[in-house]
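# Per-entry structural report
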Amino acid sequence: MGGAVALVRVSGPNALEIGATVVRANLSLSPGQVSFTSFSNGDEGYVFTTVAPKTYTGEDTVEFSLHGSEASVQSMIDALIAAGARLARPGEFTERRFLNGKIDLSQAEAVADSVESETKRQFEVASQNRQGALSKATKEIENSLLGIITILEAHVDFSEDLEELDMDEIGVAISTLTSQVSNLIKSGTSQARIRQGVRVVIAGRPNAGKSSLLNAILEKERSIVSSHAGTTRDYIEEALDLSGYKIVLYDTAGLRDSNDEVESFGIALTNDLIQKGDLIWYVYDNTVGISQAEIEYLQESHKAFWTIANKCDLSSTDSGIHLSAKTGEGISELKARLLQWIAPETEFAQFGGSPYVNQRHEAILFQLQTALFWANQAVELGQPNDIVLLHLREALSEAGLITGETTPDEILNEIFSRFCLGK
Ligand SMILES: Nc1nc2c(ncn2[C@@H]2O[C@H](COP(=O)(O)OP(=O)(O)OP(=O)(O)O)[C@@H](O)[C@H]2O)c(=O)[nH]1
Ligand SMILES: [Mg+2]
């Protein structure tokens, strides 16, 4: 709603019948029809009909394109409800698509992610899973698991007739599978970082020029800059689109020992942000330098960090990352370096087809890895095949949570309820 054109969609076995009640009287709706028509609410536009199973939901569907005014859309919806339709729940069209077996759960989740994408890269990453990249990776894991399970089951059931099983080989197969899962977690979460946006936390001593750097990157006066040390007290969060990548920058309160209550609180927030960030830009005033204690503080955070020498217009240097937030010198190099960090050249090349792993998938994959660990442990301890099988079946059922095969209804409902209306 609110756009020039709105789309109203009816899906289900009675869709054509119901749709026929709101179009021109002498227009009979047949499968695959596109007609320009007047509507019973006084508007006019196109009507499209498609029939099961080759539709978005997998059911008969009628779509109306009409003027995007709230009044037209609402009266159309009222007329359809009067004819027997009901309002769709958020995500219900995609839910039906999933329930009708057109897509799996990871693809359905990616539909919501596609809709929510703000930048080009976010959309591309969402599209990978929508097109089935994670489904495919999960299927490969499931197939390998099934392969091992089948061999073991055969030996449990008819052990007398078969040659003795080489348990070393089973152990190797489980280990290979474990690294396959680790790789999926690693590459999938780095793709996810692109989806969620990369969080860059600008930290450093008071007066180092953190707020000036934020403004220089954003090319606007977003954060207050002053020669008074301790200017920024609360943190400032600002998102930007850097060559299609979503970046969230945080300007923080300068780090120092402070007796001021508000400032101390700001510093505690900075420490929290450092923990939540993907990358720390530690800015220091090049006329002052950086101390060993500051480096140690950064190392102890266990986060990726870059030290950035600022105010190089006052005292120049050629080593490390150096810039002047005031003159803008070195800013474009810093942006280029950030892009390189997010997506190294090689990753650009492999971009097509790599799945991303959201938090839900990641938690499942960790469980799957744990089950594989216990299966491997059972093999190594020479425990009965039944025990190995128990853990492998557990791993298989975990994999099914990604594709939705074994996902309980409450979780499905929760996932679809996060969708926007009409999708
Ligand atoms: N010459 C010069 N001055 C700079 C540069 N960057 C910042 N400044 C000055 O340094 C002072 C502090 O800058 P801010 O950006 O407010 O520093 P900050 O790190 O945000 O400081 P707090 O918010 O107090 O922690 C201001 O007077 C800026 O104009 C620079 O590259 N060159
Ligand atoms: Mg500041």
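Structural notes, computed from the coordinates. In this text the structure is predicted, and so the values were computed from the model without any measurement.

Calculation notes
Residues numbered from 1 in each chain as written. Chains lettered and ligands numbered in written order. Predicted model: local features only at pLDDT ≥ 70, side-chain atom pairs only at ≥ 80, totals over all residues. Pairing = 2+ DSSP bridges. Helix = DSSP H or I, 4+ residues; strand = E, 2+ residues; numbered from the N terminus. Axes fitted to C-alpha atoms, helices over the stretch in contact; angles between N-to-C directions. Parallel < 35°, antiparallel > 145°, perpendicular 65-115°, else oblique. Left-handed = near helix turned anticlockwise from the far one by under 90°. Contact = placed C-beta atoms within 7 Å. Near = placed C-beta within 6 Å. Nonpolar A, V, L, I, M, F, W, Y, C, P; charged D, E, K, R; others polar.

### Observations concerning the sheet that holds strand 10 (residues 321-322)
Sheet strands associate in pairs through backbone hydrogen bonding, adopting either a parallel or an antiparallel arrangement. Here 6 strands make up an open sheet; going across it, the order is 6-7-5-8-9-10 and the pairing mixed. Of all the strands in the sheet, just strand 6 (236-242) and strand 10 have a single pairing partner and so form its edges.

### With respect to the packing of helix 5 (residues 120-130) against helix 7 (residues 167-196)
At a minimum axis distance of 8 Å, the contact between helix 5 and helix 7 shows a crossing angle of 135 degrees. One way to sum up the angle between helix 5 and helix 7 is to call them oblique. You can see that helix 5 and helix 7 cross each other, and the crossing is left-handed. In contact with R121, Q122, V125 and A126 of helix 5, helix 7 contributes Q191, I194 and R195.

### Re the site of ligand 1
Surrounding ligand 1, one finds 23 residues, the nearest of these being G209, S211, S212, T232 and G254. The greatest single-element share of the shell around ligand 1, amounting to 3 residues, is contributed by helix 8 (residues 210-218). The residue inventory of the shell around ligand 1, partitioned by class, reads 6 nonpolar, 13 polar and 4 charged.

### Overview of the sheet that holds strand 4 (residues 61-67)
Strand order across the open sheet formed by 4 strands is 1-4-3-2, with antiparallel pairing between neighbours. Of all the strands in the sheet, the pair left with one neighbour each is strand 1 (5-11) and strand 2 (34-38). Neighbouring strand axes in the sheet, compared pairwise and without regard to direction, differ in orientation by 25 degrees on average. With 5 bridges connecting them, strand 2 and strand 3 (residues 44-50) associate as antiparallel partners. When the bridges of strand 3 are listed, V34 appears paired with F48.

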